[in-house]
Structure formats: structure tokens, C-alpha cells
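# Structural features, examined
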Amino acid sequence: MAIAEQGLAAAPTIIEPAEAALPGAKVRLQRLDGLRGYLLAMMYLVHFTALSQMFGADFVLARFHHSVLLPVFDAEYLVPLSGFVSALAYMGQYRSQGFGGAQRAVLRRVRALYGYQVSTSVAVLLLPVLVFGRAGMPLDAAGAPALLSTIGAVFTFVYQPDNLQILLLFMGAMIFIPTAIRLLDSLGPIVFVAILVDAWLIADAGFDAALADWVSVNILPWRDYLRISGVFNLLSWGAFFYFGFTIGWLFKTRPASLLAMDRKLMDRLLVVSLVICAFFYIGRVLDDPDLLADDSLFFPARNLLSFQAMLCVTATSYIPFYLFNRPDRAAVYPLLMRCLDAVCKAPRLVLLGRNSLFVYSAHVIIVAALASALQFADRQVGQGTLLALFTFGFATLLALTAAKQRWLPMLP
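Conventions used here
Residues numbered from 1 in each chain as written. Predicted model: local features only at pLDDT ≥ 70, side-chain atom pairs only at ≥ 80, totals over all residues. Heavy atoms only, no water. Helix = DSSP H or I, 4+ residues; strand = E, 2+ residues; numbered from the N terminus. Buried < 20%, exposed > 50% of the residue type's maximum accessible area, 1.4 Å probe, protein only. Contact = heavy atoms within 4.5 Å. Areas by Shrake-Rupley, 256 points an atom, 1.4 Å probe, with all protein chains shown as cover. Patch = residues over 30% accessible without salt bridge, like charges linked within 9 Å, V, L, I, M, F, W, Y side chains within 5 Å. Salt bridge = Lys/Arg side-chain N within 4 Å of Asp/Glu carboxyl O. Expected span 1.5 Å × (residues − 1). Polar contact = N/O pair within 3.5 Å; in protein donor to acceptor, adjacent residues only side chain to side chain. pLDDT = per-residue confidence, 0-100. Core = buried A, V, L, I, M, F, W, Y, C linked by side-chain atoms within 4.5 Å. Phe/Tyr/Trp six-rings, centres within 6.5 Å; stacked < 30°, edge-to-face > 60°. Lys NZ or Arg CZ within 6 Å of the ring centre and 35° of its normal.

## Brief notes about the overall build of the protein
A count of helical and extended segments in the protein gives 16 helices and zero strands. When the 412 residues of the protein are sorted by exposure, 49% land in the buried category. For the protein, the share of sequence-separated contacts (at least 6 apart) that also reach a separation of at least 24 residues comes to 81%. As displayed, the protein has an accessible area near 20000 Å², and 68% of this comes from carbon and sulfur atoms.

## Some remarks on a nonpolar patch on the surface
Among the surface-exposed residues, Leu-211, Trp-214, Ile-219, Leu-220, Tyr-225, Leu-226 and Ile-228 lie close enough to one another that they form a single nonpolar patch of about 760 Å² accessible area. With respect to the helices and strands, the residue Leu-226 is situated in the loop between helix H7 (207-218) and helix H8 (234-251).

## A look at H8
Residues lying three or four places apart along an α-helix face the same way, a consequence of the helix completing one turn every 3.6 residues. Taking 1.5 Å per residue as the helical rise, H8 with its 18 residues ought to reach 26 Å, and the 25 Å between its terminal C-alpha atoms agrees with that figure. A large share of H8 lies buried, amounting to 13 of its 18 residues. At the N-terminal end of H8, a side-chain oxygen is found 3.0 Å from the backbone nitrogen of Leu-235, two or three residues along, and the residue is Asn-233.

## A look at the confidence of the model for the protein
The share of residues in the protein with pLDDT of 70 or more is 84%, and the mean pLDDT across the chain is 84. The spread of mean pLDDT over the elements of the protein runs between helix H9 (residues 254-260), the lowest at 61, and helix H5 (residues 177-187), the highest at 97. Predicted confidence for residues 134-144 stays below pLDDT 50, and this span has 13 contacts to residues more than four positions away or in other chains.

## Remarks on the nonpolar core
Formed by 104 residues in total, the largest nonpolar core has its most connected members in Phe-48, Ile-177 and Tyr-242. Among the elements that take part in this core, helix H2 (residues 75-132) stands out by supplying 21 residues, more than any other. For Tyr-242, the contacting residues outside a window of four places in its chain are Ala-173, Met-174, Phe-176, Ile-177, Ala-180, Phe-192 and Leu-196. Residues Val-118, Val-129, Leu-147 and Ile-151 belong to the second largest nonpolar core, which totals six residues.

## A word on the packing of aromatic side chains
Under the defined criterion, the tally for this structure stands at 19 aromatic pairs. Measuring from centroid to centroid gives 6.4 Å for Phe-192 and Tyr-242, while their planes differ by 80°, and the two rings are edge-to-face. Of this pair, Phe-192 sits in helix H6 (residues 189-205) while Tyr-242 sits in helix H8, and the two are 50 residues apart along the sequence. On the accessibility criterion, Phe-192 (4% relative accessible area) is buried. Among the aromatic residues, those joined into a ring-pair cluster are Tyr-44, Phe-48, Phe-59, Phe-390 and Phe-394. The ring of Phe-324 has Arg-31 sitting right over it, with the charged end atom 4.0 Å from the ring centre.

Structure below.
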């Protein structure tokens, strides 16, 4: 089955781990950098595999991606993780500076996202010009190079290159962070989650898309001038962002944090998580037309966030949470713990995770550059060539990230 497109949740790095509610939380939260770096590396693998499929080959390393086991890729993890991290990053500003101060901080981050969206889009558009020359660019109706009109469309998101649409999701979702904190403080997490479920159901029923279509047809064709959503539906995926945000809010609320550490409750939730993972893994192994008339249960579409993805993300995320917070049980699984620690503490993965927004944008440009280079291939691309290009691209990504962290540490 073809690997779908992925994106990166462009959330700020955790900046206030010392304020976390639980003892020892600072060390545990720092592990998130390594996990996020792993997801970024896997996202690069997914996008490179999609590139290889364009040239008639399935990249062999794609067999090691976690989507082979469960119906989740990387965005399904990075979106709620970004919500969680955003709660930790902005709640302190909300408490000290109020609604307005937090809103200004959020808007500064959104401005950085917008800058990365535009600059990365323009870079991707210019790559074919550098490779093939401007003479090969088509003309628009006015006789001007289509490249110029497309660059203009980048600024209002009418044009978005492949693999870059998720930044638009985060720009739209993050704007409401101070409002979310106010609602959680006043209404509580149960009512807030109910609001999120309503938003997800509205998107799942297609009401938001139907309303947007009606306005475009009967009032103003606004999509010709502005896009507010890419391939990731803003209501559906935005609700998942704020589900992670709610967990972050609870994490910094001491009674809720202590409840989450109840040992009997943790043991029961672990069993439930393992059962969910086993169910979807077996279903994907048995994906056979003779056995399953409809495989959408185990291979759901991704433009709208599926219930299956939410279940799998929650279940698989809970397992490392359990092991990291229950050392008495983690000792029973020494090999698993060593593997988790190897990922979380790997220096190169930590480097990627701490520069997530830069890494995301850089990898989009690198994949586009590799696609342009492959245009010169005069025969079917083999696995050796793909492996060499994949390694070269990943090494370039690491080198650029290291240079950015050393020479431009203040760059978002």
C-alpha cells in the first residue's frame, strides 16, 4: 500500500520543563526531543518513499516504518505532541502576562510559521528553474511566467507544495491557544474535550466543507484568493492538536497529574493499550480481499483524522509513558527500555527534535531537490541509487541542522 504524505507539527521546543507538576518530570520531558527527532526522521523516510514511487520503485527501507504495523504515520503523533508541548510553553506566559501577553507570544510563533511556509514554498518553486532553466517554465493567460503568479499565490496559501501543507494547520490551530487555556480554566477538561469531539464530528460529517463550498459558489469564490486549510482538515486535526494540549494542561495541574500516576489505573490502561495495538496489527496482517470486504478499518483515509488513528496514537503513546514513569515495571522489560532510551537519547535525533521547524522545512526542500536530480535518470531507478540518495539527503539534513544550531541558535 502506498505510503501517504506526512508533515511536521511545528511546535516550540519545551522551554519550561522545570515547572512540570511531577517529580523527575524534567528528565522525562527531555526525552520528547529524541522521540520527536525519530518522528522527523521517519517523516523524511515517508516522503522519500513517495518520491521513489514517482519513479517506479518502492524504497526498501519503507518496510521499517511504523505505519507497516499500525494505521498511523508521523503527523498523527506530531500533532497532539505539539499541542502538549504548546501547553507547557504558553501556560506560564498566560499565568504571568494574561490573555493578551500569551496571544502576542502565540502570534510571534505563527509569524515564524508563516515565514517558513513562504520561504520554503518559494525555494521549492525555484528548484526546477535552477535545474531546467526559466525557458522551460510555462506562461499564464497574461503571458507572464507562471512561476511568478504561483509565487504570488504562495503568500495567501492558494498554492502549497507537496509535504508542506501541515504548517497551515498549525498556524490556524495555534491562534486559539490563549482561548483554549481560558476555556480549560473556566469550564474544565471534560467540557473542553466535549467541544473538541463536536468539532471532530462536524468535520467528519462534512458540514464545514459543505458550508465552505456553498459560500464559494453563492457568495465569493474565496478559495481563488485564500486557503485556510491544506490536505489536513483544520477542524478534524485541530481537535487532535487540542486533545494533546488538554493533556499538557492536565500535566501542569497537580491533582490531575497525581491521579494519572495511580498504579492500579496505570496497569489497567496498559492492558487496554496492548489489546488495541494487537487488534489493529492483526487486522493489517490479515488484509486480504477474501477475508475483509472493506479494509478502511485498518487502512483509513487521512485527510480527516480517523477514530482508528486516535485509538492507536493514544495506545502506543501510553506504553512509553508507562515504562518511563513506572521504573518498578520497566525493569521487567530491559531490552525494550534500552531501545526506548537509545532513541530518546540519540544525539542526532535530539538535534533534529530540538530544531523541529527548521528540520521540517529543510527536509521538504531536500526531497524536492532529490526529485529534480532524479529527472536526469535515463533508466529505472534501482535500490542502490535510492539508498545513496536517501543517505545523502539525510546527511545533508543533519549537517544543515547542526550548522543552524551552532551559527543561528535564535532562528526558530
